[in-house]
Amino acid sequence: MSLWLYLHCPNLLLDSLYAPSSVQAVGLVCEQEGRLVQLSVAANTHGLNTGMGLGAAALICHQLAVYPYCAVKEQSALEQLATQLYPLVAEISLNPPKGLWLHVSPMLALYQGFTPLWQAVTQTLVESGIRYQAGVGQTPRAAELMAYGHVGKISTDPEHLQAALQQLPLAAAPLPETVKTQFTRLGLSQLGDLIALPTASLTRRFPRTVVDYLAEVRGAQSTPLRYFQPPLQFFQQRVLLFELSEQAHLLPIIENLVSALCRFLEQRSACTPALTLDFSLRDGCEETLPVMAAHGEKDVERWMALVRLRLASWQVSQPVTEVSVTASQIDCYQPGQTDLFSAQQGEQNRDELVATLAARLGEEAVMRLAYVDHHRPETASQHVPHHHSATPTALAPTRPRPSLLLPQPTPLVGKITLREGPERIVTGWWEGAPIQRDYFIAQNAQQQWLWVFRTPEQTWFLHGWFS
């Protein structure tokens, strides 16, 4: 038996937005019609209803906060909800603007029944704060009708499903109002009355779309569905119903988004080395804060520690209206390996320390040394930001080099003992600054290891110290 679950989210956009207070009455309004299209729970308790005009709503509830409805943002919210449910049910189809079909029959063996699957789905919806109406049916259209009809009880029994479908009022069917009026004039009030009519009779009296729709409800005709494929990258956004200017107020929203990112990674056994925080400001400008980890990371606590450090050096220039988190590079997670016999040196390794410093001071403030293709020792390396990849053409020297190189060679003072050398370096004639040096590794009287060289004039210079 094929089994479908349909989720109808009548307040999807409003529920996906961020409202700091659950007692604030909030409504989304269609700007073209000037009517309320979605309401918060607090607005419903004040007696407001969808379809109500702004004037009447303001008379009933003076504290009502009104914001414009945006179909594009609701489509994005529907895709985000499908991404959250995808690890639970693989076959999901979107029914914009507020619905999802979930093909659950292939998953029943995995969950050992419908009840555990239903509990997992509802838990995800509750954690996301999404209000919903659900329906189960043997066809996609039947499940959709059961959700619209507010049947309430979720059952997978075929006889119960068939009986409940027959008793649904025709008003619940997503058909044009003119067609519903024709049904009423014919004395048809329930879906069962309509299904019982011969197809030939329906074809003569009603548009072909109505006949095809009823055939899809019965299963005589398949419903064309396009299955959802989650994006390979992570993106989630929170549109703020109230402008926020304090980092303390923004931090819970950011943590919620970062937690969603880590769940996304955990479900895929993946990690990411970087995420991006984007803030939309009141004047329409945007500010971007990149946050980088030492290596691929998926732990929410570690990410939030880096985020807090990054935010510590950022000042909110204008009130924030939207916050989003993006992770473009998704890699397979590989747990770090440690030596069983190595001593514990600290809570952070070198890479984690560098990432912490970069988050606190900024990416460009933490530097590392990189080789440069140049024979002159004092110009054979340069400082580059730690996250820049090394130049592939720059090769490391084949001869020993000191760990501490003086900025400029200084005259050698004191007696030394030559231990290794010479290494002759002749370069720079094409630059107008030629050098010829014979380098040696030597020891002084204090047994320190030096890097010295001799010029053609037999003058000795100290250029560096070995550790």
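Residues numbered from 1 in each chain as written. Predicted model: local features only at pLDDT ≥ 70, side-chain atom pairs only at ≥ 80, totals over all residues. Heavy atoms only, no water.

- You'll find the protein entered in an unreviewed UniProt entry as UmuC domain-containing protein, with Salinivibrio sharmensis given as the organism.

## Some points on the sheet that holds strand β1 (residues 4-8)
Sheet strands associate in pairs through backbone hydrogen bonding, adopting either a parallel or an antiparallel arrangement.
Reasoning step 1: Read from one edge of the open sheet, 4 strands run β5-β6-β1-β7, paired in antiparallel fashion. Each having just a single partner strand, β5 (92-95) and β7 (133-137) make up the two edges of the open sheet. Taking the axes of each pair of neighbouring strands and ignoring which way they run, one obtains an average angle of 20° across the sheet.
Reasoning step 2: Examined bridge by bridge, β1 and β7 share 5 bridges and lie antiparallel to one another. Counterpart to His-8 in the pairing with β7 is Gln-133.
Reasoning step 3: Together, β1, β5 and β6 (99-103) form the strand contacts of helix α4 (residues 71-85), whose direction differs from that of β5 by roughly 165°.
Reasoning step 4: Helix-sheet contacts for helix α7 (residues 140-148) involve β1, β5, β6 and β7, and the interaxial angle to β7 is about 145°. (Pairing = 2+ DSSP bridges. Helix = DSSP H or I, 4+ residues; strand = E, 2+ residues; numbered from the N terminus. Axes fitted to C-alpha atoms, helices over the stretch in contact; angles between N-to-C directions. Contact = heavy atoms within 4.5 Å.)

## Observations concerning helix α8 (residues 158-166)
Reasoning step 1: Of the residues making up α8, those classed as buried are Leu-161, Ala-164 and Leu-165. Along the axis of α8, the buried positions cluster into a sector of 100°, meaning they face one direction only.
Reasoning step 2: In this structure, the buried side of α8 is in contact with β7, α7, α10 (191-195) and α12 (208-218). (Buried < 20%, exposed > 50% of the residue type's maximum accessible area, 1.4 Å probe, protein only. Arc of directions from axis to C-beta.)

## What to know about the pattern of salt bridges
Reasoning step 1: For the coordinates displayed, the defined rule picks out 13 salt bridges.
Reasoning step 2: Across the pair Arg-141 and Glu-216 runs a salt bridge, and its minimum N-O distance is 2.8 Å. Here Arg-141, found in helix α7, pairs with Glu-216, found in helix α12; they are 75 residues apart in sequence, far enough to count as distant.
Reasoning step 3: Owing to a relative accessible area of 9%, Glu-216 belongs among the buried residues under this scheme.
Reasoning step 4: Glu-423 serves as the salt-bridge partner of Arg-401, at 2.9 Å between the closest nitrogen and oxygen. Of this pair, Arg-401 sits in the loop between β14 (381-385) and β15 (404-411) while Glu-423 sits in strand β16 (residues 416-427); the two residues are 22 residues apart in sequence, bridging distant segments of the chain.
Reasoning step 5: Using a relative accessible area of 31% as the deciding quantity, one classes Arg-401 as partly exposed.
Reasoning step 6: The class for Glu-423 is buried, based on a relative accessible area of 14%.
Reasoning step 7: Ionic contacts of the salt-bridge type, sharing partners, join the residues Arg-141, Glu-144 and Glu-216 into one network. (Salt bridge = Lys/Arg side-chain N within 4 Å of Asp/Glu carboxyl O.)

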